[in-house]
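Listed below, chain by chain, are the residues.
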Amino acid sequence: MSSESAESPERPEHTARHPLPSPPPVHGPRLVLIGPMGAGKTTVGREVARRLGVPFADLDALIVDRDGRSIPEIFAADGEEAFRRLEARVLAHALATHAGVLALGGGAVGDPASRALVASHPTVLLEIDESAALRRVHAGRGRPMLAGEDPLERWRTLTAERLPLYREAARWSIEASRGDVPAVARRVIAAVRETERDHEPGTTIDQVGAAAPGTKEDA
Ligand code: S3P
């Protein structure tokens, strides 16, 4: 992830998509991170989890654990459709059982049923612009959906198609093109907490994820 700190002047740091969030379910993740390939969902998610003092899980890693093959191996042997079926099953299980921060792969909300499930949890969209994507996914390495001649063009097309779906599933959106991982993680936590604080004073911070005693939150 970039270590630049300048923020884009056109975009707000974070925006509330649905200002009156419904309460999250009793079980399941305190925070779900979605967004395009290269947005930093895994690195930011891990940092958010550390700051909140909760466990972190990455959907792709859960899929690999469950299946025993890498993501490119699953795509190569079984094809995208089979991968999506597996992804939807592992996602539904993780949403029901993982009580921490959960980062999803870039295509996980393509399935309407998965998208509706994700939307019922506190979900943050990490958005990046093309120049950040160019820095982060230029080689398409390890990402079968970007395989081919022009990975950036594939990224651009997929991201344009998926943006409305991301926005449907997410309650908050964070511009994550610039800023290092701790800075983006702080903004994720601040966005969720500010919105919750504005609308549900005193009740919802714990629902999103209270810091464990001694957890460093604002460094
Ligand atoms: C995919 C994104 C990948 C991974 C798989 C498919 C996609 O995750 O799930 O290669 O369709 O966008 P990342 O978004 O973490 O790269």
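Look above for the structure.
Residues numbered from 1 in each chain as written. Predicted model: local features only at pLDDT ≥ 70, side-chain atom pairs only at ≥ 80, totals over all residues. Heavy atoms only, no water.

Enquirer: Could you clarify how one ought to interpret the site of the ligand in this entry?
Expert: Close contacts around the ligand come from 13 residues, with Asp60, Arg84, Gly106, Arg143 and Arg162 the closest. Between Lys41 and the ligand, the recorded distance is 2.8 Å, taken from a side-chain N or O atom to an oxygen atom. In the complex, the protein chains occlude 94% of the 380 Å² of accessible area that the ligand would expose alone. Looking at the shell around the ligand, its residues break down into five nonpolar, three polar and five charged. (Near = heavy atom within 4 Å. Polar contact = N/O pair within 3.5 Å; in protein donor to acceptor, adjacent residues only side chain to side chain. Areas by Shrake-Rupley, 256 points an atom, 1.4 Å probe, with all protein chains shown as cover. Nonpolar A, V, L, I, M, F, W, Y, C, P; charged D, E, K, R; others polar.)

Enquirer: Can you walk me through the nonpolar core in this structure?
Expert: For soluble globular proteins, the rule of thumb is that nonpolar side chains tend to be buried together. Membership of the largest hydrophobic core comes to 54 residues, with the highest contact counts inside it found for Ile34, Leu104, Leu126 and Val188. Among the elements that line this core, the one with the most residues is helix H8 (residues 181-199), at seven residues. Ignoring sequence-local partners within four residues, the contact set of Val188 consists of Leu31, Leu33, Val44, Val48, Val124, Leu126 and Ile174. (Core = buried A, V, L, I, M, F, W, Y, C linked by side-chain atoms within 4.5 Å. Buried < 20%, exposed > 50% of the residue type's maximum accessible area, 1.4 Å probe, protein only. Helix = DSSP H or I, 4+ residues; strand = E, 2+ residues; numbered from the N terminus. Contact = heavy atoms within 4.5 Å.)

Enquirer: Help me understand the pairing of strand S6 (residues 172-175) in this model?
Expert: For a regular strand, side-chain orientation follows a simple rule: the groups alternate between the two sheet faces. Every second residue of S6 is oriented toward a common face, with Trp172 and Ile174 on one face and Ser173 and Glu175 on the other, all of them buried. Judged from the four bridges that link them, strand S5 (residues 123-127) and S6 form a sheet pairing that is parallel. Looking across to S6, one finds that Glu127 is bridged to Glu175. (Pairing = 2+ DSSP bridges.)

Enquirer: Would you take a moment to explain the packing of aromatic side chains for this structure?
Expert: Two descriptors summarise a pair of aromatic rings, namely the distance from one centre to the other and the angle between the planes of the rings. Overall, the coordinates contain one aromatic pair when judged by the stated rule. Ring centres of Phe75 and Phe83 lie 4.6 Å apart, and the angle between their planes is 35 degrees; this geometry places the pair in the tilted category. (Phe/Tyr/Trp six-rings, centres within 6.5 Å; stacked < 30°, edge-to-face > 60°.)

Enquirer: Before we go on, may I ask you to explain the layout of surface pockets in this structure?
Expert: Remark: the empty space left among the atoms is shown by a probe the size of a water molecule rolled over them. The volume enclosed by the largest pocket comes to roughly 500 Å³. Looking at the largest pocket, it is lined by 25 residues, and the ones nearest its centre are Met37, Gly38, Lys41, Asp60 and Arg143. Breaking the lining of the largest pocket down by element, the ones donating at least two residues are helix H1 (41-52), helix H3 (71-78) and helix H4 (80-97). When its residues are assigned to classes, the lining of the largest pocket shows nine nonpolar, eight polar and eight charged. (1 Å grid on protein atoms, 1.4 Å probe; cavity = no way out; pocket = protein on both sides within 12 Å on 5 of 7 lines; lining within 4 Å. Points joined across faces, edges and corners; volume = space filled by probe spheres on them.)

Purely geometric stuff here, so don't read any function into it on its own.
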